[in-house]
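Fold and geometry: a report
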Amino acid sequence: MAMPQISLADQAKLQLMQEMEIEMMSDLYNRMTNACHKKCIPPRYGESELGKGEMVCIDRCVAKYLDIHEKIGKKLTAMSMQDEELIKKMSG
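So, a few notes on the structure that sits alongside this text. Values in this document were obtained by computation on a predicted structure and should not be read as measured data. (Residues numbered from 1 in each chain as written. Predicted model: local features only at pLDDT ≥ 70, side-chain atom pairs only at ≥ 80, totals over all residues. Heavy atoms only, no water.)

**Quick word on helix 1 (residues 8-40)**
Under the 1.5 Å per step criterion, the end-to-end length of helix 1 is 47 Å for 33 residues, consistent within 8% with the ideal 48 Å. Within helix 1 the residues assigned to the buried category are Leu28, Met32, Cys36 and Cys40. Those residues of helix 1 that are buried lie in contact with helix 2 (52-91). (Helix = DSSP H or I, 4+ residues; strand = E, 2+ residues; numbered from the N terminus. Expected span 1.5 Å × (residues − 1). Buried < 20%, exposed > 50% of the residue type's maximum accessible area, 1.4 Å probe, protein only. Contact = heavy atoms within 4.5 Å.)

**Let's talk about the state of the cysteines**
Scanning the entire structure with this criterion turns up two disulfides. The disulfide that involves Cys40 links it to Cys57, with 2.0 Å between the sulfurs. Between Cys40 and Cys57, the disulfide has an S-S torsion of -70 degrees and is therefore left-handed. Within this pair, whereas Cys40 is found in helix 1, its partner Cys57 is found in helix 2, the two being separated by 17 residues in sequence. (Disulfide = S-S within 2.5 Å.)

**Concerning the nonpolar core**
Ranked by size, the top nonpolar core spans five residues in total: Met32, Cys36, Cys40, Ile41 and Cys61. With sequence-adjacent residues up to four places away left out, Met32 is seen in contact with Val62, Tyr65 and Leu66. (Core = buried A, V, L, I, M, F, W, Y, C linked by side-chain atoms within 4.5 Å.)

**Some thoughts on the pattern of salt bridges**
What the rule picks out here adds up to three salt bridges. In this structure, Asp67 engages Lys71 in a salt bridge whose closest nitrogen and oxygen atoms are separated by 3.3 Å. Placement of both Asp67 and Lys71 in helix 2 is noted, with a separation of four residues, approximately one turn of the helix. Residues Lys74 and Glu70 are paired through a salt bridge, measuring 3.2 Å at the closest nitrogen-oxygen approach. Of this pair, Lys74 and Glu70 both sit in helix 2, four residues apart, which is roughly one turn of the helix. (Salt bridge = Lys/Arg side-chain N within 4 Å of Asp/Glu carboxyl O.)

**Points about a nonpolar patch on the surface**
Taken together, the side chains of Ile68, Ile72, Leu76 and Met79 make up a nonpolar region of the molecular surface, amounting to roughly 370 Å² of accessible area. In this fold, Ile72 is placed in helix 2. Among the residues examined, Ile72 registers a relative accessible area of 47% and is labelled partly exposed. (Patch = residues over 30% accessible without salt bridge, like charges linked within 9 Å, V, L, I, M, F, W, Y side chains within 5 Å. Areas by Shrake-Rupley, 256 points an atom, 1.4 Å probe, with all protein chains shown as cover.)

Structure follows, in structure tokens:
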């Protein structure tokens, strides 16, 4: 079964979307790293390794950060779909 051909314009859009996705994920990672580091690790390091409490704190912080990111993404998607439906109703 042959793959359908994608137009150059669609390829460009896909490329742009992929680049934006990478940029957004990079931003998410950097923000999460900074927030969890600031919250869980004291400014003065006592040891070269993380302590058990620090590791647990970071694990929980990352889990919460990703959970909230997912919930916000779902909410924004739902709101966007509602807006699209409203626009269709108003123009139709």
